[in-house]
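Spelled out, the chains give:
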Amino acid sequence: MTSTSTPQRQPAPFGAWEAELTADVLTHKTLVLSQVRVHGTDTYWVESRSLDGGRNVLLRMSGDGQTNEVLPMTADAELVDVRSRVHEYGGKAYGLAEGVIVVSHGGDNCLYRFDVDAPTGGLTRLTPQINDRYSDMTIDTARGLVYCIREDHDADGEPRNSLVAVPLDASGAREVEAIAELWADSDFVAAPALSHDGRYLAFVTWSHPHMPWQKAELRVARLDEAGRVERVHVLVDAEGVAAQQPRWSDADDLIHVDDSNGWANLYRTEGFEKDRWWEGLRTRALHPSQRAFSSPAWQLGLHSFDVLDADHLVAAWCLQGQWHLGTIRLDNGQLEEWPSGWAPSGNVASSGGRTVMLADHPRAFESVVEIKEGRTRVLRSCADLDVAGHDVSVAEPMRWTSEDGAEINGFFYAPMSRRHCGMDGELPPLITIAHGGPTSAARTGLRPAIQYWTTRGFAVLDVNYRGSTGYGRAYRDALDGYWGIRDVADCASGARYLAEAGYVDGTRMAIRGASAGGFTALSAAARTDTFSCCVSHYGVADLARIAGDTHKFESRYVYRLLGADSPADPVFRERSPLELVETIDVPVLLLQGEDDPIVPPSQTRAIADALRSRGVDVEVHTFPGESHGFRTWEAKKKALLSELAFYRRVWAIPQPDRA
């Protein structure tokens, strides 16, 4: 980021400001970073490149600072797409061990081994080319195995999930029976973690109707010399408690996160060295507090803490919606924050006294950041952009009272430009964002997708409505049974609060969201008169249809959100935006990927037809080849420009020369 002296700003209508952060810049010079790992002095991460068709690329920065793509092409001359589609959302798509990388290739969903010290040997396929998917790899070099999650799509009905051991010698690619099934007695399994001595494998399980942040068990398996399970002990299994992220300390004590006290706190379990280990285990909280040391496991491979040394963990935690980083002593739980200014936004990993994480910053784009001996270094930024400091709109935390008296949280971004200011007597239009999930959360880091709007003269309110994480289990669970009601009220009351306080123009306020956020946006357009237009990115329109059509991972999720037992419950119709089109009278923009398995395009077609039949101003853009979230630069650019043109048309904002 750079900062320049402030030039004379020219008055221009809000929303019509020219900005250097154009749609071309945004789509051509930004990346999505994920899956940060460290191994010795090397740092690994994955980049999703929209200019390369959305391909996910594995990068390695060596200790000497050289960065290169790691993996060669497959034997079929395909570039590797580091991607898993387990649970559709995927997540951890590669694993590291001494000299070995195991990766899931999105082209055929198979696992491949790559020997780092023998790169000319190329990739070796480890699994058969059948209808299976793999994720969440942990490599056991001593036994020649990789423990991972397999999702079998060959059978009728829902796919079958299991914990398996795949041989590194490629015998599993020739004989599927060589892949040993270690656990399949739950609907879902995740997070295999191997102890340093190789004797124990910890993992997490859960079953319908729960999501992994609602109730999940922590299990520990004792392994024999061949890597087969001798005994499984349940360490955490309580109603309303979700266990996450098992990881072993240097002394082979098991560290995990659970929310048994209402907050996602860290716990340490000792006693695995005993012969009858399952009888003498002792578990204690490391730092009991009203902090969240984890976020919901929407994707596999969640990694919000790591072992720093024999005495400390390095951990991320969320306090009042904002993320922090620091250390926790393993002996007494003492917490010490590291004041780097960067907030962890993804994996936290540590090796050799250095910590590397995916992080964001109020004035810097999300980056892979290294902290060593108190010094912070950016290894890779998600944006090759030079945005002047006077163009940056910094998040301002906001709290307001919703319609039923509940205190709601969010972040406000004022219009900001070094070139322009508003016209005398004019207030800016507002874009209110309902995040997805709905079990997710808005963050405060600098994001190109928000700065695109603020540099053009739009104000933005990013709402952490009830149901959001980072404020404790009670705040998150407050949405249960009230989805489409409380989230709508919280967004609408926040927008009205800003209008009444004189921040924004109350006659020009939009509600927009993606996926579950799209459902909230459509519901707000139907249930309130707060917003003058609505934008839905692949939003849920028909709840009964989504319950029947969506994938296994979320197939029971809406029941709890609606307080219902089955799609036959009348609440499915009462809350569906498709059934509420008679009360939608504002212009609506719908954007939808044609290959979306999570919110199928039939949802968008149905509500678009219903709105047109009433004469409502509805604009629809579909994207061939795109799934749940747009990957290619062409789709991202079209979606961005369509949304900008929609706001300017609806609010009669002049069109400047550059979009």
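Rules and cut-offs
- Residues numbered from 1 in each chain as written.
- Predicted model: local features only at pLDDT ≥ 70, side-chain atom pairs only at ≥ 80, totals over all residues.
- Heavy atoms only, no water.
- Pairing = 2+ DSSP bridges.
- Helix = DSSP H or I, 4+ residues; strand = E, 2+ residues; numbered from the N terminus.
- Axes fitted to C-alpha atoms, helices over the stretch in contact; angles between N-to-C directions.
- Contact = heavy atoms within 4.5 Å.
- pLDDT = per-residue confidence, 0-100.
- Phe/Tyr/Trp six-rings, centres within 6.5 Å; stacked < 30°, edge-to-face > 60°.
- Buried < 20%, exposed > 50% of the residue type's maximum accessible area, 1.4 Å probe, protein only.
- Lys NZ or Arg CZ within 6 Å of the ring centre and 35° of its normal.
- Lys, Arg positive; Asp, Glu negative; His and termini not counted.
- Salt bridge = Lys/Arg side-chain N within 4 Å of Asp/Glu carboxyl O.
- Polar contact = N/O pair within 3.5 Å; in protein donor to acceptor, adjacent residues only side chain to side chain.
- Core = buried A, V, L, I, M, F, W, Y, C linked by side-chain atoms within 4.5 Å.
- Expected span 1.5 Å × (residues − 1).
- Parallel < 35°, antiparallel > 145°, perpendicular 65-115°, else oblique.
- Nonpolar A, V, L, I, M, F, W, Y, C, P; charged D, E, K, R; others polar.

Quick look at the sheet that holds strand β34 (residues 459-464)
A sheet is described by the order of its strands in space; here eight strands give the open sequence β30-β31-β34-β33-β35-β36-β37-β38, paired in mixed fashion. What marks the edges here is a single partner per strand, and that holds for β30 (396-401) and β38 (618-623). Here the average twist between neighbouring strands, direction ignored, is 20°. Where β30 lies against strand β31 (residues 407-413), six bridges are found, and the strand directions are antiparallel. Paired with E396 across the two strands is F412, which belongs to β31. In this fold helix α5 (residues 486-500) packs onto β30, β31, β33 (430-434), β34 and β35 (509-514), with an angle of close to 110° to the strand it touches most, β30.

Looking at the confidence of the model for the chain
Scored by pLDDT, the chain comes out at a mean of 93, with 98% of its residues at no less than 70. Long-range and interchain partners of residues 1-5, a stretch whose pLDDT sits below 50, account for 17 contacts in this model, where long-range means more than four residues apart.

Some details on the packing of aromatic side chains
Summed over all chains, the structure comprises 31 aromatic pairs. On the basis of an interplanar angle of 75° and a centroid distance of 5.4 Å, the ring pair of W453 and Y647 is categorised as edge-to-face. Of this pair, W453 sits in helix α3 (residues 448-454) while Y647 sits in helix α11 (residues 633-650); the two residues are 194 residues apart in sequence, bridging distant segments of the chain. The exposure class of Y647 is buried, given its relative accessible area of 0%. Clustering of aromatic rings is evident, with ring pairs tying together Y89, F188, W206, W213, W298, F553 and Y557. Its end group placed over the ring of F305, R247 keeps NZ or CZ at 4.7 Å from the ring centre. We note K552 situated over the ring of F188; from NZ or CZ to the ring centre the distance is 4.8 Å.

Side note on the pairing of strand β8 (residues 110-115)
Extensive coverage of β8 is indicated by the burial of five of its six residues. Note: strand β7 (residues 100-105) against β8, six bridges, orientation antiparallel. Counterpart to S104 in the pairing with β8 is L111. From the end of β7 to the start of β8, which pair antiparallel, there are four residues, and N109 there has a positive phi angle of about 65°. Pairing analysis gives three bridges linking β8 to strand β9 (residues 123-125), with the strands arranged antiparallel. Note on β9: the bridge partner recorded for Y112 is R125.

A few points about the sheet that holds strand β15 (residues 200-206)
Remark on secondary structure: sheet strands pair via backbone hydrogen bonds, oriented parallel or antiparallel. The four strands lie next to each other as β14-β15-β16-β17, forming an open sheet whose pairing is antiparallel. Here the strands that pair on one side only, and so sit at the sheet edges, are β14 (188-194) and β17 (229-236). Across this sheet, the average inter-strand angle for adjacent strands is 25°, counted without regard to direction. Bridge analysis of β14 against β15 gives five bridges, and the strand direction is antiparallel. Considered in β15, the bridge of L194 is made with L201.

What to know about the side chain of D487
Of note, D487 is situated in helix α5. The charged side chain of D487 is buried without a salt bridge, its nearest counter-charge being R575 at 7.2 Å. Only 2.7 Å separates the side chain of D487 from the backbone nitrogen of G484, close enough to count as a polar contact. Only 3.2 Å separates the side chain of D487 from the backbone nitrogen of I485, close enough to count as a polar contact.

Quick look at the nonpolar core
Nonpolar side chains tend toward joint burial in soluble globular proteins. If you look at the biggest cluster of nonpolar residues, it comprises 150 residues, and the most contacted ones within it are L430, W453, W483, F572 and Y647. Looking at which element gives the most residues to this core, the answer is helix α6 (residues 516-527), with seven residues. Each residue touching W483, except ones within four places of it in the same chain, is listed here: P438, A516, F519, T520, L543, V558, L561, L562 and R575.

A closer look at the side chain of K552
Position of K552 among the secondary structure elements: in the loop between α7 (543-549) and α8 (557-562). Although K552 lies buried, it forms no salt bridge, and the closest oppositely charged side chain, D187, sits 4.9 Å away as judged by the N-O distance. Here the side chain of K552 touches P159 through a polar contact of 2.9 Å, landing on its backbone oxygen. The residues touching K552, leaving out its near neighbours within four places in the chain, are E158, P159, R160, N161, D187, F188 and H208.

Focus: the pattern of salt bridges
Inspection of every chain in the model, using the stated rule, returns 51 salt bridges. Across the pair D480 and R560 runs a salt bridge whose closest N-O atoms are separated by 2.8 Å. Taken together, the positions of D480 in the loop between α4 (473-477) and α5 and R560 in helix α8 put the pair 80 residues apart, joining distant regions of the chain. Looking at D480, the relative accessible area reads 21%, which means it is partly exposed. Two residues, R612 and D609, come together in a salt bridge whose shortest N-O distance is 3.4 Å. Residue R612 and its partner D609 are both found in helix α10 (residues 601-613); the two are separated by three residues, about one turn of the helix. By sharing partners, the salt bridges in this structure join D259, R473, R476, D477, D480 and R560 into a single network.

Considering unusual backbone geometry
H208 connects to P209 through a cis peptide bond whose omega is 5°. Here P209 is to be found in the loop between β15 and β16 (217-223). Going from G437 to P438, the amide bond is cis rather than trans, its omega being 0°. With respect to the element layout, P438 can be found in the loop between β33 and α3.

So, α6
For the α-helix, the turn length of 3.6 residues means that residues three or four positions removed from each other point alike. With twelve residues, α6 ought to run about 16 Å at 1.5 Å a step, and its terminal C-alpha atoms sit 16 Å apart, in line with that. In terms of residue burial, α6 counts as a mostly covered element, since eleven of its twelve residues are buried. Of all the residues in α6, the buried ones are A516, G517, G518, F519, T520, A521, L522, S523, A524, A525 and A526.

What about the packing of α5 against α6?
Across the interface, α5 lies against α6 with an axial gap of 9 Å and an inter-helix angle of 75°. Judged on the interaxial angle alone, α6 and α5 are roughly perpendicular. Where α5 approaches α6, its residues D487, V488 and C491 are matched on the opposing element by F519, T520, S523, A524 and R527. Taken together, the residues of the contact of α5 with α6 sort by class into four nonpolar, two polar and two charged.

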